[in-house]
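Inside the fold
What follows is the residue order along each chain.
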Amino acid sequence: MKLLIRQGRLIDPVGGIGGVMDILLEDGKVAVIGSDLSSEQAETIDARGLVVSAGLVDMHVHLREPGLEYKETVETGCAAAAAGGFTSVAPMPNTRPATDCPEQIRYVLEKAKAACGVHVLPIGSVTVGEKGQELTDIEALKTAGAVAISDDGMPVQNANLMRDALIRAHRQGLTVLSHCEDADMVKNYALNEGRISRQLRMEGRPAIAEEIMVMRDAMLAEETGGAVHICHISTAKSVAIVRRYKKKGVKITCETCPQYFTLTEDEILTKGTMARVNPPLRTRGDVDAIIEGLKDGTIDAIATDHAPHSAEEKARPLAEAPSGMVGLETALAVTLTALYHTGQMSLSDILRKMTVNPANILRVPKGRLSVGADADLVIFDAEEKWTVDPERFVSKGRNTPFGGMQVQGRVKYTIAAGEIIYQDREEK
């Protein structure tokens, strides 16, 4: 199949390609980039006034399958990803059973074949059953198709086990993705320890519970030479720790999510359980530090931590409801609204953190827009305004604190392997 994209505003943070150009896609690859291209029998997309970029890569999602299909499936999660401009997603292993063996990795990959064409990059468990007691067979997980390992959702508490994981993952050329929270400090508390928790007279999750684990894993990465990636970083001191260890040459990277550079703990007062997430929403000072970390390159990637839950679960009292929010269908728009349209970051810098950087951390050849690269693209209107309506989500999850928010930036086409897998048909 041939697909010709005409007159789009190309943005390629890697090769520096920019300006209004045409792109010809053929046989699942980017065939030609130039001006005034023509091709017989090619389907044509008029991209005038639109941005054309490599497809977005989300290195941190929860697709819930197997075992929790009432929340989400690989199929519905991939459809939500396509609607949000993502052509590659990496699902975390905290399913039931956990993705801790080659059979489970292959199960997820098999389910992905029936989905809409989004590339699914499974993450294997660090420990068997995510119980934090015994390491998985990391070599077997990689052979089966795992692109990284993580016990996200159940942080590895044992430092010696984490050290061994970094050593073994390093031998296999894999990165360890770490959810940094000290379990004894955070328990199952619902919100940040601070002004709002005191106002509500509830126990909170202190910032140091994250920071002490970030420091531990940074030190372990330095000592072992292994690569550690800090998931959903949320505090100012955590950013400072990563910045310091990066300057020392340690193999440490990190991600954040749109909620951590747009929302504060105050959202709990108005959004309730929709604003409950782990780690919790923090203070305005933390939000400012996250933005600064994005701007100066300390924070490498923007992920979603897409975590769908049922309406019944999120309707429970704050202390009993599960943590997490969906994000695949809102991430690009919220990010553009908060960082691009405020003049904080350029489109190129934002797209770098949503395409090639997460791909590089996962060590997969995605997130690039160049001749010969996979024909995975997103075409979006950076200026179009729309209002987030959770009832129109493709995902099974409706749990978002962004409902009713006006955002600016809308996906028009998502293309994977040269095929259109999403086209916006909404009226403005």
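Predicted model only: the values in this text are computed from it and were never measured.

**A few points about the pattern of salt bridges**
All told, the structure shown has 23 salt bridges when counted by the stated rule. Note that glutamate 26 and lysine 2 form a salt bridge whose closest N and O atoms lie 4.0 Å from each other. With glutamate 26 in strand S2 (residues 18-26) and lysine 2 in strand S1 (residues 2-11), this residue pair connects regions lying 24 residues apart in the sequence. Of the residues examined, lysine 2 reaches a relative accessible area of 27% and is grouped as partly exposed. Here arginine 48 makes a salt bridge to aspartate 46, at a shortest N to O gap of 2.5 Å. By relative accessible area, which is 41% here, aspartate 46 ends up partly exposed. Shared partners join several salt bridges into a network, and the residues in it are Lys29, Lys366, Asp374 and Asp376.

**A look at the layout of surface pockets**
Computed from the structure, the largest pocket encloses a volume of approximately 890 Å³. Lining the largest pocket we find 38 residues, and of these Asn94, Asp152, Gly153, Met154 and Asn278 sit closest to its centre. Residues of the lining of the largest pocket, tallied by class, amount to 11 nonpolar, 15 polar and 12 charged. Considering only enclosed or pocket space, the second largest pocket measures out at about 360 Å³ in volume.

**Some thoughts on the packing of helix H4 (residues 159-171) against helix H7 (residues 207-224)**
The interhelical angle for the contact between H4 and H7, taken along N-to-C directions, is 45°, at an axis separation of 10 Å. Taken as axis vectors, H4 and H7 run oblique relative to one another. Crossing of H4 against H7: the hand is right-handed. Within the contact between the two elements, H4 uses Ala159, Met162, Arg163, Leu166 and Ile167 and H7 uses Arg216, Asp217, Leu220, Ala221, Glu223 and Thr224. Classifying every residue of the contact of H4 with H7 gives 6 nonpolar, 1 polar and 4 charged.

**Overview of the sheet that holds strand S12 (residues 228-230)**
Pairing is parallel in the open sheet, where 6 strands are placed in the order S9-S10-S11-S12-S13-S14. In this open sheet, the two strands that pair with only one neighbour each are strand S9 (123-124) and strand S14 (301-302). As paired elements, strand S13 (residues 252-256) and S14 share 2 bridges and run parallel to each other. Pairing of glutamate 255 across the sheet is with alanine 301, part of S14. Its contacts with the sheet place helix H8 (residues 236-247) against S12 and S13, and it is angled at close to 150° to S13.

**Comments concerning the sheet that holds strand S7 (residues 86-91)**
Spatially, the 3 strands line up as an open sheet ordered S6-S7-S8, and their pairing is parallel. The open sheet has two free edges, formed respectively by strand S6 (56-61) and strand S8 (119-120), since each of these has just one partner strand. As defined by bridge partners, S7 adjoins S8 across 2 bridges and the pair is classed as parallel. Pairing of valine 89 across the sheet is with valine 120, part of S8.

**Details of a nonpolar patch on the surface**
A contiguous nonpolar patch, built from Met185, Ile208 and Ile212 and spanning about 240 Å² of accessible area, is present on the exposed surface. Mapping isoleucine 208 onto the fold places it in helix H7. In this structure isoleucine 208 comes out as partly exposed when scored by relative accessible area, which is 46%.

**Structural notes on the state of the cysteines**
Within this structure, the stated rule accounts for 0 disulfides. Of all cysteine sulfurs, the one in cysteine 116 lies closest to cysteine 78, which takes part in no disulfide; the gap is 5.5 Å. The closest cysteine sulfur to the non-disulfide-bonded cysteine 180 is located on cysteine 231, 7.7 Å from its own sulfur.

**Examining empty space enclosed by the protein**
The tally for this structure, following the rule as stated, stands at 4 cavities of 30 Å³ or more. When its volume is computed, the largest cavity comes out at roughly 60 Å³. The wall of the largest cavity is formed by Leu63, Arg64, Glu65, Val74, Pro91, Met92, Pro93, Thr95, Thr99, Val108, Pro122 and Ile123. Across the lining of the largest cavity, the residue classes tally to 8 nonpolar, 2 polar and 2 charged.

**Remarks on the pairing of strand S17 (residues 419-423)**
Where strand S16 (residues 406-416) meets S17, 4 bridges bridge the pair, whose relative direction is antiparallel. Paired with isoleucine 415 across the bridge in S17 is isoleucine 420. Between S16 and S17, which follow one another and run antiparallel, lie 2 residues, and alanine 417 among them has a positive phi close to 55°.

**What about unusual backbone geometry?**
With an omega of 0°, the peptide bond between arginine 96 and proline 97 qualifies as cis. With respect to the element layout, proline 97 can be found in the loop between S7 and helix H2 (102-113). The omega torsion of the bond from asparagine 278 to proline 279 falls at -10°, within 30 degrees of zero and hence cis. On the secondary structure map, proline 279 appears in the loop between helix H9 (267-271) and helix H10 (284-296). Of note, the phi angle at glutamine 41 is positive, near 65°, even though the residue is not glycine. Among the secondary structure elements, glutamine 41 is positioned in the loop between strand S3 (29-34) and strand S4 (43-46). Positive phi, normally seen in glycine, also occurs at arginine 201, with a value near 55°. Secondary-structure assignment places arginine 201 in the loop between helix H6 (195-200) and H7.

Conventions and cut-offs
- The written sequence of each chain sets the order in which its residues are numbered from 1.
- Under the rules for a predicted model, residues below a pLDDT of 70 receive no local features and side-chain atom pairs below 80 are neither given nor counted, while totals for whole chains, interfaces and linings still include all residues.
- Here the side-chain values reflect all heavy atoms present in the structure, with hydrogen atoms and water set aside.
- Every case where a carboxyl oxygen of Asp or Glu lies within 4 Å of a side-chain nitrogen of Lys or Arg is listed as a salt bridge.
- The numbering of helices and of strands both runs from the N terminus, where a helix is a DSSP run of H or I of at least 4 residues and a strand a run of E of at least 2.
- Here the term buried applies to any residue with accessible area under 20% of the maximum for its type, exposed to any over 50%, and partly exposed to those in between, with areas from a 1.4 Å probe on protein chains only.
- Residues are said to line a cavity or pocket when one of their atoms sits within 4 Å of a point; the points come from a 1 Å grid over protein atoms alone, cavities being sets where a 1.4 Å probe fits but cannot get out and pockets being open sets with protein on both sides within 12 Å along at least five of seven lines.
- Grid points are joined across faces, edges and corners, and a volume is the space filled by probe spheres set on the points.
- Under the grouping applied here, Gly and all other residues not named as nonpolar or charged are polar, the nonpolar ones being Ala, Val, Leu, Ile, Met, Phe, Trp, Tyr, Cys and Pro and the charged ones Asp, Glu, Lys and Arg.
- The axes used here are C-alpha line fits, helices contributing only the stretch in contact, and every angle between their N-to-C directions lies in the interval 0 to 180 degrees.
- Oblique is the label for any angle not under 35 degrees, not over 145, and not in the 65 to 115 range, which are roughly parallel, roughly antiparallel and roughly perpendicular in turn.
- Crossing chirality is assigned from the near helix's rotation relative to the far helix, an anticlockwise turn below a right angle marking it left-handed and a clockwise turn marking it right-handed.
- Throughout, a contact is declared for two residues whenever any of their heavy atoms are within 4.5 Å.
- The rule for pairing is simple: two strands pair if DSSP sees at least two bridges between them.
- Surface patches are drawn from residues lacking salt bridges whose relative accessible area is over 30%; two like charges belong together within 9 Å, two nonpolar side chains (Val, Leu, Ile, Met, Phe, Trp, Tyr) within 5 Å.
- Computed with a 1.4 Å probe, the accessible areas rest on the Shrake-Rupley method; for each residue, only the protein chains presented here act as cover.
- We call a pair of cysteine sulfur atoms a disulfide when they lie within 2.5 Å.

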